[in-house]
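Spelled out, the chains give:
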Amino acid sequence: MSVLVIAEHDNATLAGVTLSAITAAVQLGDDVRVLVAGHGCRAVAEAAARVQGVGLVRHSEAAHYARPTAEDLAALVTDLAVDFTYVLAPATTFGKNFLPRVAAILDVAMISDLIRIDAPDRFVRPIYAGNAVATVQSMDPIKVISVRATAFDAAPSGATAAPIEVLEAKPHSDLADVLAEQLTQSERPELTAAEIVVAGGRGMGSADGFRLLEAIADRLGAAIGASRAAVDAGYVPNDYQVGQTGKIVAPKLYIAVGISGAIQHLAGMQDSKVVVAINKDEAAPIFQVADYALVADLFQILPELETELSRVLAK
Amino acid sequence: MVLVRRRGPLRERCAAHQLRSRRVRASAERAPTAQRGILMKVLVPVKRVIDYNVKVRVKADGSGVETANVKMSMNPFDELAVEEAIRLKEAGRVESIVAVSIGAPACRETLRTALAMGADRALLVTTEAELQPLDVAKVLKAIVAQETPALVIMGKQAIDDDCNQTGQMLAALLGWGQGTFACGVALAEDSVTVTREIDGGNQTVRLKLPAVVTADLRLNEPRYIKLPSIMKAKQKPLQSMTVQELGVEVAVRLKTLQVSEPPPRRSGVKVSSVAELVDKLRNEVKVL
Ligand SMILES: Cc1cc2nc3c(=O)[nH]c(=O)nc-3n(C[C@H](O)[C@H](O)[C@H](O)COP(=O)(O)OP(=O)(O)OC[C@H]3O[C@@H](n4cnc5c(N)ncnc54)[C@H](O)[C@@H]3O)c2cc1C
Ligand SMILES: Nc1ncnc2c1ncn2[C@@H]1O[C@H](COP(=O)(O)O)[C@@H](O)[C@H]1O
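Note that this is a predicted model, so its numbers are computed, not measured. Here the residue index of a chain counts from 1 through its sequence in written order. Numbering of ligands from 1 and lettering of chains from A proceed in the order in which they are written. Reporting in this predicted model follows two pLDDT cut-offs: at least 70 for local features of residues, and 80 or more for side-chain atom pairs to be given and counted; totals over whole chains, interfaces and linings ignore these cut-offs and use all residues. Values reported for side chains reflect all heavy atoms of the structure, with hydrogen atoms and water molecules removed beforehand.

A. Examining the overall build of chain B more closely. Broken down by element type, chain B carries 7 helices and 13 strands. Burial classification: accessible surface area is computed with a 1.4 Å probe over protein chains only, and a residue below 20% of its type maximum counts as buried, one above 50% as exposed, and the rest as partly exposed. Across the 288 residues in chain B, those meeting the buried criterion constitute 56%. We call two residues in contact whenever any of their non-hydrogen atoms come within 4.5 Å of each other. Relative to all contacts within chain B whose residues are 6 or more apart in sequence, the contacts with residues 24 or more apart total 73%. As presented, chain B carries roughly 12700 Å² of accessible surface, and 51% of it is formed by carbon and sulfur atoms. Runs of H or I in DSSP of at least four residues are treated as helices and runs of E of at least two as strands, each being numbered from the N terminus. Per-residue and other accessible areas were derived by the Shrake-Rupley procedure at a 1.4 Å probe size, with only the shown protein chains allowed to occlude residues.

This is how it looks when you write it as structure tokens:
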């Protein structure tokens, strides 16, 4: 079976979520190919070629692929896709943007947020904010699938490299133009890739309140996440949001502070290995998914936690 | 039928956004009609879903989730889409707003909500089948052919199937541009500029009209519905048709074999101090 994986990258490095999609691809077929479309992204194509299980990389260069629009990317992918049984991309804002376009042009259904493969035509995906999981069977000749990265390990890189073939770019569509991007700069690990995430909610009270979390994150080398209420209140940027409509994370350790635990938030973090919740309300639903519950005032606990962490981690 | 907006998380908006929407309104008041240019029609698809506050339960036979006696509402993202269309109309950019819902006859309620919010007309497309995003997109394409809107604004995601596909599919079928996950929409005469929430931050795209925009959570703050609006909505036209009448062929491409509960998390323990917590994290689960 042939599988086409569309790589997510920033023209310099291959995104970790792509490696998870490749793992899913390897479970589906033995002929796994990766499309790297970008601008000045040869290094990305080379990195993709070294990932274990990848048999061929198609590399397409164009200025308008630097930050490709869904319109341009879908046009490129659709042409290639007709020769494949599966077309995969990470279930991120990148994949979610163009992949449904590909499916519609191919006149096939799309499977969003794949979390498990049961058979070549049977897939498991969460619905209702993760309160239920559906097993679906696809009747389509080409199966277009977005892969939830937290459900698949990252594919390792090997010593050998697959060949890289150039794929001619398609002309830029005048339907859409990218005018600008404002990306949040951060020294911290990327939220979806971090081993430890400390997340704050409305309980943090202010942007200043989040400083207390930053101090903890510094000690732990953690990423910072947030509930929607914290983002809406302007405490942190919107790309910190974890949940049904934010990012899906599954770190080794998730520390939820001043977050009540609405289902829409749980949807984004309930697959974390260990969950710690700090909340002053004993009845907060977050405690139902917490491995360790600390019922206390965060403004008292966080400085204590920082001191304790610096004490034990210094040893 | 619940038409009055509940208080809840959708009401929570950051100050910056309220400021922005106030600015939009202020500039709308200033703009004289003559300078507004061509007035356009906006189509807003709205889906009837289980209310976001309901804890859904999986049916014992694994065939789906319990919907009997469960509160249903307009998909929250679609409320944002309706609100955005109304604001564009209030800003003098839009002439009329047509809401459309596809599904069981009960979707009428959802359409009445859209009308009470401020949509001008509503279309109900009935079907017995549970439609998947590609089919919904095909139905919407047929509606677009009839109504010729300059803009379709819809939710980015239905909170039941969580697919996040329909808007993109509709745009592809129409050969239109798309602005997904919108947190800002600025309409010009022949283009629309959309600020999109992406994983790393924000992205701004300009789309040629006609186009499809899908709403993200921070696009606006949907208004409360006042009682007089509910009464007025009853007078507004609501036209009903079937999927067959539209001539759209639907097909089952994805068969749901089973719906089950996610694996439960093991129950946790209470810790009484920071020292105990850190000790457990280091020595019991060894994550530090
Ligand atoms: C369609 C839709 C999609 C959504 N998507 C998301 C999403 O992706 N992510 C998301 O997070 N939300 C999402 N939401 C919103 C969600 O429903 C909740 O409103 C939100 O998660 C609440 O955030 P919170 O827990 O920070 O705030 P609250 O619910 O207000 O909770 C604050 C908590 O802080 C605690 N607290 C306060 N002060 C202290 C203190 N001093 N010490 C300790 N604890 C304290 C309180 O006890 C409380 O439990 C969505 C909603 C909708 C309708
Ligand atoms: N049956 C429907 N009737 C009207 N609009 C729909 C329907 N299904 C999906 N939509 C629209 O498509 C959006 C995305 O849905 P989905 O792709 O299912 O996540 C929703 O927010 C609605 O705006």
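B. The arrangement of the pattern of salt bridges in detail. By definition here, a salt bridge exists when the distance from a side-chain nitrogen of Lys or Arg to a carboxyl oxygen of Asp or Glu is within 4 Å. Taken as a whole and judged by the stated rule, the model has 34 salt bridges over all chains. Ionic pairing is found between B:Arg265 and A:Asp291, a salt bridge with its closest N-O pair at 2.9 Å. Here the residue B:Arg265 occupies a position in the loop between β12 (254-260) and β13 (269-270), and A:Asp291 occupies one in the loop between β15 (274-279) and β16 (292-295), the pair thus bridging two chains. In this structure B:Arg265 comes out as partly exposed when scored by relative accessible area, which is 22%.

C. Representation of the environment of A:Leu73 within the structure. Residue and element names in this part refer to chain A. Topologically, Leu73 is positioned in helix α3 (residues 70-81). Considering only alpha carbons, one finds Leu73 and Phe98, 25 residues apart in sequence, at a separation of 6.7 Å. Here Leu73 is in contact with Ala37, Pro68, Phe94 and Phe98, once residues within four sequence places are set aside.

D. Representation of the nonpolar core. Buried Ala, Val, Leu, Ile, Met, Phe, Trp, Tyr and Cys residues form a nonpolar core when they are joined through side-chain atoms within 4.5 Å. If you look at the biggest cluster of nonpolar residues, it comprises 55 residues, and the most contacted ones within it are A:Val77, A:Phe98, A:Val144 and B:Val125. Examining the composition of this core, we find that 8 residues originate from one element, helix α4 (residues 133-147) of chain B, more than from any other. Contact partners of A:Val144, with chain neighbours within four places excluded, come to A:Val87, A:Leu99, A:Ala103, A:Leu106, A:Val108, A:Ala109, A:Met110 and A:Ile111. Membership of the second largest hydrophobic core comes to 49 residues, among which are B:Leu80, B:Val94, B:Ala182 and B:Ala233.

E. Layout of the site of ligand 1. We call a residue near a molecule or strand whenever a single non-hydrogen atom of that residue lies within 4 Å of it. In the region of ligand 1, 31 residues are neighbours, and A:Arg202, A:Ser227, A:Val242, A:Ser260 and A:Asn279 sit closest. Mapping the residues adjacent to ligand 1 onto the chains of the assembly identifies chains A and B. Taking A:Leu298, its main chain carries an N or O atom lying 2.9 Å from a nitrogen atom of ligand 1. Breaking the shell around ligand 1 down by element, the ones donating at least two residues are α6 (228-232), α7 (263-266) and α8 (298-314) of chain A together with α2 (76-90) of chain B. Across the shell around ligand 1, the residue classes tally to 13 nonpolar, 13 polar and 5 charged. The term polar contact refers here to a pair of N or O atoms within 3.5 Å; inside protein, the definition further demands a hydrogen-donor-capable atom paired with an acceptor-capable atom, and it admits residues adjacent in sequence only when both atoms are side-chain atoms. Any residue that is not Ala, Val, Leu, Ile, Met, Phe, Trp, Tyr, Cys, Pro, Asp, Glu, Lys or Arg is counted as polar, Gly included; the first ten are nonpolar and the last four charged.

F. Layout of the pairing of strand β1 (residues 40-45) of chain B. All names here are of chain B. Burial runs high along β1: 5 of the 6 residues are buried. In the sheet, β1 pairs with strand β4 (residues 94-103) via 6 bridges, with the strands oriented parallel. Residue pairing in the sheet places Val44 in a bridge with Ala99 of β4. Here β1 runs beside strand β6 (residues 151-155); their pairing, made up of 2 bridges, is parallel. Within β6, the residue paired with Val42 across the bridge is Leu151. Strands qualify as paired when DSSP identifies two bridges or more between them.

G. Molecular detail of helix α1 (residues 16-28) of chain A. How far a helix is expected to stretch is found by multiplying one less than its residue total by 1.5 Å. With 13 residues, α1(A) ought to run about 18 Å at 1.5 Å a step, and its terminal C-alpha atoms sit 19 Å apart, in line with that. Within the sequence span of α1(A), burial applies to A:Val17, A:Thr18, A:Leu19, A:Ser20, A:Ala21, A:Ile22, A:Thr23, A:Ala24, A:Ala25 and A:Leu28.

H. Inspection of unusual backbone geometry at higher detail. In this structure, B:Pro210 follows B:Leu209 across a cis peptide bond, with omega equal to 0°. Residue position: B:Pro210 is located in the loop between β9 (201-208) and β10 (211-215). One non-glycine residue, A:Asp107, lies in positive phi territory at about 60°. Taking the relative accessible area as the measure of exposure, A:Asp107 reaches 34% and is therefore partly exposed. Even without being glycine, B:Thr148 reaches a positive phi, approximately 40°. Here B:Thr148 shows up in the loop between α4 and β6.

I. View of the domain arrangement of chain A. Residues and elements named next belong to chain A. Per the domain assignment, the segments making up chain A are domain 1 (2-166) and domain 2 (196-314). Here the C-alpha centre of domain 2 lies 31 Å away from the C-alpha centre of domain 1. Counting from both sides, the interface comprises 5 residues of domain 1 and, opposite them, 7 residues of domain 2. Defined in terms of a 1.4 Å probe, buried area is the accessible area two parts forfeit on being brought together, summed over both. Between domain 1 and domain 2 the total buried area reaches about 560 Å² when both faces are included, carbon and sulfur atoms providing 52% of it. Taken as a group, Ala129, Arg148 and Thr150 account for 75% of the area that domain 1 buries against domain 2, more than any other trio of residues on that side. At the boundary of domain 1 with domain 2, the tally comes to 0 salt bridges. There are 0 residue pairs in polar contact (both at pLDDT 80 or more) connecting domain 1 and domain 2. Note that the domain bounds were set by an automatic or database domain assignment.

J. Quick peek at the packing of α4(B) against helix α5 (residues 166-174) of chain B. All names here are of chain B. Axis definition: a line fitted to C-alpha atoms, limited for helices to the stretch in contact. Angles are taken between N-to-C directions and run from 0 to 180 degrees. Remark: α4 packs on α5, axes separated minimally by 8 Å, with the N-to-C direction vectors making an angle of 50°. Here α4 is positioned oblique relative to α5, judged by the angle of their axes. Once α4 is placed against α5, the crossing between them reads as right-handed. For the pair α4 and α5, the contacting residues are Pro133, Leu134, Val136, Ala137, Lys138, Leu140, Lys141 and Val144 in the first and Thr166, Met169, Leu170, Leu173 and Leu174 in the second. Class assignment for the residues of the contact of α4 with α5 results in 10 nonpolar, 1 polar and 2 charged. Just so you know how the angles are binned, under 35 degrees is roughly parallel, over 145 roughly antiparallel, 65 to 115 roughly perpendicular, and the rest oblique. For any pair of crossing helices, the crossing counts as left-handed if the nearer helix is rotated counterclockwise from the farther one by less than a right angle, and right-handed if it is rotated clockwise.

K. View of the sheet that holds strand β3 (residues 54-61) of chain A. Residues and elements named next belong to chain A. The sheet built from 7 strands is open, its strands ordered β5-β9-β4-β1-β2-β3-β10 with parallel pairing. The two strands at the open ends of the sheet, each matched to only one other strand, are β5 (110-114) and β10 (164-166). Across the sheet, the axes of successive neighbouring strands diverge by a mean angle of 25°, strand direction being ignored. Bridge count between β3 and β10: 3 bridges; the pairing is parallel. Paired with Val57 across the bridge in β10 is Ile164. Along the sheet face, α3 touches β1 (2-6), β2 (31-38), β3 and β4 (86-90) and points at about 155° away from the line of β2.

L. A look at the packing of α3(A) against helix α4 (residues 93-106) of chain A. Residues and elements named next belong to chain A. Axis separation between α3 and α4 bottoms out at 9 Å; the angle between their running directions is 50°. Classified by the angle between their axes, α3 and α4 sit oblique to one another. Like other packed secondary-structure pairs, α3 and α4 cross with a definite hand, here right-handed. Within the contact between the two elements, α3 uses Ala70, Glu71, Leu73, Ala74, Val77, Thr78 and Ala81 and α4 uses Phe94, Asn97, Phe98, Arg101, Val102, Ile105 and Leu106.

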